[in-house]
Amino acid sequence: MTLAGAVATGPDLLRLVAVPVFAWTAYRDIETRRVSSTVWIPLSLLGTALLLWDGWLAWHAGGTAWTDSFLIPTAISLGLVVPIAYLFWWFGGFGGADAKALLVLAVLFPTFPEYALGSWTLPLEPTTSIGAFSFTILTNAVLVGVVLPLVLAVRNAAAGRIAPVMIVGWPVAWDRVPETHGRLLETPAGLSQGGLDLDALRMYLRWRGLSLAELRDRPDRYRNPATLPAEPNPPTDGAVTADGPVCGDGGTLESAADDAGLERESEMPSASDDPWGAAAFLDDIDGSAYGTTPETLRDGLEVLATAETVWISPGTPFLVPIFVGLLIALVYGDLLLGTVF
């Protein structure tokens, strides 16, 4: 039930603008794993204005509308969903865009909306005792997120790809790696869920001015830190679509050391000093390259230098489950709590 006792109040109708915006962010999350922070500002401002509007409607409705229909669900939305989003981001469970999306939803959807669609009233499931619609969206998103690894496992099993990491990844040919999002699930010692982030790989290749194909053609040479460029290229942020040196499967960029390299092979220090120049790369760039260590980078490069196919985890672009959770909440309600309370 809406605050004014009518179907589709003004605030609820305006909240529907979130649907196309979240659809776009989910698409961007799949395609680039990058969503600009500026997209959340208009929704935050809209949510704040609608929150004040809802409060005004509840105050003038009288009775228990102020406490039961507005104050309590708003307190739960801002006091529970906001800390959950922050803590998951803090501990690395969410990306920055995921956390911001949940913060926006906490402000934009504190109370259950109500919409008329012919003879239907949406959401179909009545409000739960939790009361906060943003919490409903969050629980729906988590349930959708849990299903995704099961779908991945079924897909791999159907293709005969049976491996310990089949629930979190799939095999990818080496030449597709530079255009793939996710994390390498292999090290020289075998399969692992703590492998190299592919954004960090792209940063490294751009910094060196190399393509992955060039690195594979001459791995012994590029293991040697003496082949590092005297003036490295900007590493960018590792996005597939970033401007900068090409790091695909057929690039022609060469390290700045290559021109003189063949003439000074005998002067090169041993590669054991810093194989692949991994430590030099991480020392030179700003930030940590998504938490990458020299050892993780070296292990990933060793695998990619020779492997024809590697296991990659695409990760969970969580804005997709959030968008699906929002749609489910608007149409049905709470997948979990609606059957419990």
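Residues numbered from 1 in each chain as written. Predicted model: local features only at pLDDT ≥ 70, side-chain atom pairs only at ≥ 80, totals over all residues. Heavy atoms only, no water.

**Q** How would you explain the confidence of the model for the protein chain if you had to name every residue and give the values?
**A** Mean pLDDT over the protein chain works out to 85, with 85% of the residues at or above the 70 mark. Note on residues 243-269: pLDDT under 50 across the span, and 64 contacts to partners over four residues away in sequence or across chains. (pLDDT = per-residue confidence, 0-100. Contact = heavy atoms within 4.5 Å.)

**Q** So, the packing of aromatic side chains: which residues are in play, and what are the values?
**A** Evaluated as defined, the whole model comprises eight aromatic pairs. Aromatic rings pair up to connect Tyr86, Trp89 and Trp90 into one cluster. The lysine or arginine in question, Arg155, covers the ring of Trp170, its NZ or CZ lying 4.5 Å from the ring centre. Seen from the ring of Trp174, Arg216 lies directly overhead, with NZ or CZ sitting 4.2 Å from the centre. (Phe/Tyr/Trp six-rings, centres within 6.5 Å; stacked < 30°, edge-to-face > 60°. Lys NZ or Arg CZ within 6 Å of the ring centre and 35° of its normal.)

**Q** Now, about the pairing of strand β7 (residues 309-313): what can you tell me, with residues and values included?
**A** Burial within β7 is extensive, with four of its five residues counted as buried. The sheet contact formed by strand β3 (residues 170-173) and β7 spans four bridges and is antiparallel. Bridged to Ala173 within β7 is Thr309. Bridge count for strand β4 (residues 183-184) against β7 is two bridges, and the pairing is antiparallel. Bridging from a neighbouring strand, Arg183 pairs with Ser313 of β7. (Buried < 20%, exposed > 50% of the residue type's maximum accessible area, 1.4 Å probe, protein only. Helix = DSSP H or I, 4+ residues; strand = E, 2+ residues; numbered from the N terminus. Pairing = 2+ DSSP bridges.)

**Q** Let's hear about the packing of helix α2 (residues 18-31) against helix α13 (residues 319-331): which residues, and what values?
**A** The geometry of α2 relative to α13 is characterised by a closest axis approach of 8 Å and an angle of 155° between their N-to-C directions. What the angle tells us is that α2 and α13 run roughly antiparallel. The crossing of α2 and α13 is left-handed. Touching Ala18, Val19, Phe22, Ala23, Thr25, Ala26, Asp29 and Ile30 of α2 are Leu319, Val320, Ile322, Phe323, Leu326, Leu327 and Leu330, all from α13. Of the residues belonging to the contact of α2 with α13, the class tally is 13 nonpolar, one polar and one charged. (Axes fitted to C-alpha atoms, helices over the stretch in contact; angles between N-to-C directions. Parallel < 35°, antiparallel > 145°, perpendicular 65-115°, else oblique. Left-handed = near helix turned anticlockwise from the far one by under 90°. Nonpolar A, V, L, I, M, F, W, Y, C, P; charged D, E, K, R; others polar.)

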